[in-house]
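Below are the chains, spelled out letter by letter.
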Amino acid sequence: MRNNCLQMLMGGGKHLLTKVSDRPFGGKEVGMIRSMMGRKKVDKNTLLLLHFDGSLKDEASGKPYVGSNMSYVVGKFKNCVSFSGNGYVKISGTNAINESLYPNYTVDFWIKLKSGVRNGIMSKGNGGGNYSFDIMEESDGRIFFGLQYGGTRGDAICYFTMPRDQWVHLAIVRSQSRYWKVYVNGVYASGFTSTMVSGYYSSLMIGKYRDYGLYLNGMIDEFRISNIARWTSNFTPPARPY
């Protein structure tokens, strides 16, 4: 029976069997089924993971979050979240970006920016911006990434460019507690060295740049925050969902 179930899954069967024998699947069989279903188990270093496949559920914690003026459309892999310049997803009260707790971490996701508009991409911090982690587009089309502590950015800023109207993998990586690197499609694009910390327990906004009315016109897929530096040199972007 167990072999028949595996054969049915491998052959594209659409029925879900909750019990196929008196003993459960082994680890190898579970891994095969996960692979065939296109999902991997969330690893221990993932603090936050949103697939955006029709819901705002965090796969790491199981907690659902809320969004405003957004929709689900065909994404990079399955579905994704789409914004039209007035919506966002709010991750209420999180330590996922907090240098005091996680000296090394990675924020990475797939993004598709619409051309001809200025975009707010994401922001974490308090409303006044005294403490913040920000990614947004400047009026000249460059993408800005920076931190703010006590209302001051200091040396914790950089700029880079991204293609429009196509899927791009964006990764922000902090390593060795002071090196910040930005990778666009797996290639180093910009960065800085700073001991500044920006994070504390605060809300994260995806699709919006703080309270300045700058929103995203585009799509985001597979949004993940990790408590390790997943990449420290150029890499090949993931070819499947996390």
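Our subject is the structure listed above.
Residues numbered from 1 in each chain as written. Predicted model: local features only at pLDDT ≥ 70, side-chain atom pairs only at ≥ 80, totals over all residues. Heavy atoms only, no water.

**Digging into the nonpolar core**
Move 1: Counting 41 residues, the largest nonpolar core has Phe133, Phe145 and Phe223 as its most contacted members.
Move 2: When residues of this core are assigned to their parent elements, the largest contribution, 5 residues, is made by strand β4 (residues 105–113).
Move 3: Grouped together as the second largest cluster of nonpolar side chains are 5 residues, Ala171, Val173, Tyr183 and Phe235 included. (Core = buried A, V, L, I, M, F, W, Y, C linked by side-chain atoms within 4.5 Å. Buried < 20%, exposed > 50% of the residue type's maximum accessible area, 1.4 Å probe, protein only. Helix = DSSP H or I, 4+ residues; strand = E, 2+ residues; numbered from the N terminus.)

**Some remarks on the side chain of serine 132**
Move 1: For serine 132, the location among the structural elements is in strand β6 (residues 131–137).
Move 2: A polar contact is formed between the side chain of serine 132 and the side chain of aspartate 134, at a distance of 2.9 Å. (Polar contact = N/O pair within 3.5 Å; in protein donor to acceptor, adjacent residues only side chain to side chain.)

**Observations concerning the pattern of salt bridges**
Move 1: Considering all chains together, one arrives at 5 salt bridges under this definition.
Move 2: Where glutamate 138 meets arginine 118, a salt bridge forms, and the shortest distance between an N and an O atom there is 3.7 Å. Taken together, the residues span a long stretch of sequence, with glutamate 138 in the loop between β6 and β7 (143–149) and arginine 118 in the loop between β4 and β5 (120–125) at a distance of 20 residues.
Move 3: Among the ionic pairs, aspartate 140 bridges to arginine 142, the shortest N-O distance being 2.8 Å.
Move 4: Residue classification places aspartate 140 among the partly exposed residues on the basis of a relative accessible area of 48%. (Salt bridge = Lys/Arg side-chain N within 4 Å of Asp/Glu carboxyl O.)

**Focus on the pairing of strand β1 (residues 46–50)**
Move 1: Burial within β1 is extensive, with 4 of its 5 residues counted as buried.
Move 2: Summarising the sheet, β1 and strand β15 (residues 217–226) pair through 4 bridges and their orientation is antiparallel. Pairing of leucine 48 across the sheet is with isoleucine 225, part of β15. (Pairing = 2+ DSSP bridges.)

**A closer look at the pairing of strand β8 (residues 157–160)**
Move 1: A one-sided burial pattern is seen for β8, the buried positions being Cys158 and Phe160 and the unburied ones Ile157 and Tyr159.
Move 2: Pairing of β7 with β8 involves 4 bridges; the strand directions are antiparallel. Within β8, the residue paired with isoleucine 143 across the bridge is phenylalanine 160.

**Considerations on the environment of asparagine 95**
Move 1: With respect to the helices and strands, the residue asparagine 95 is situated in the loop between β3 (79–94) and β4.
Move 2: The class of asparagine 95 is partly exposed, set by a relative accessible area of 26%.
Move 3: The sequence separation of asparagine 95 and serine 202 amounts to 107 residues, and the corresponding C-alpha distance is 7.0 Å.

**Points about the side chain of serine 123**
Move 1: Turning to its location among the elements, serine 123 is positioned in strand β5.
Move 2: Leave out the neighbours within four places in its chain, and serine 123 touches Phe133, Asp134, Ser203, Leu204, Met205, Lys208, Tyr209 and Arg210. (Contact = heavy atoms within 4.5 Å.)

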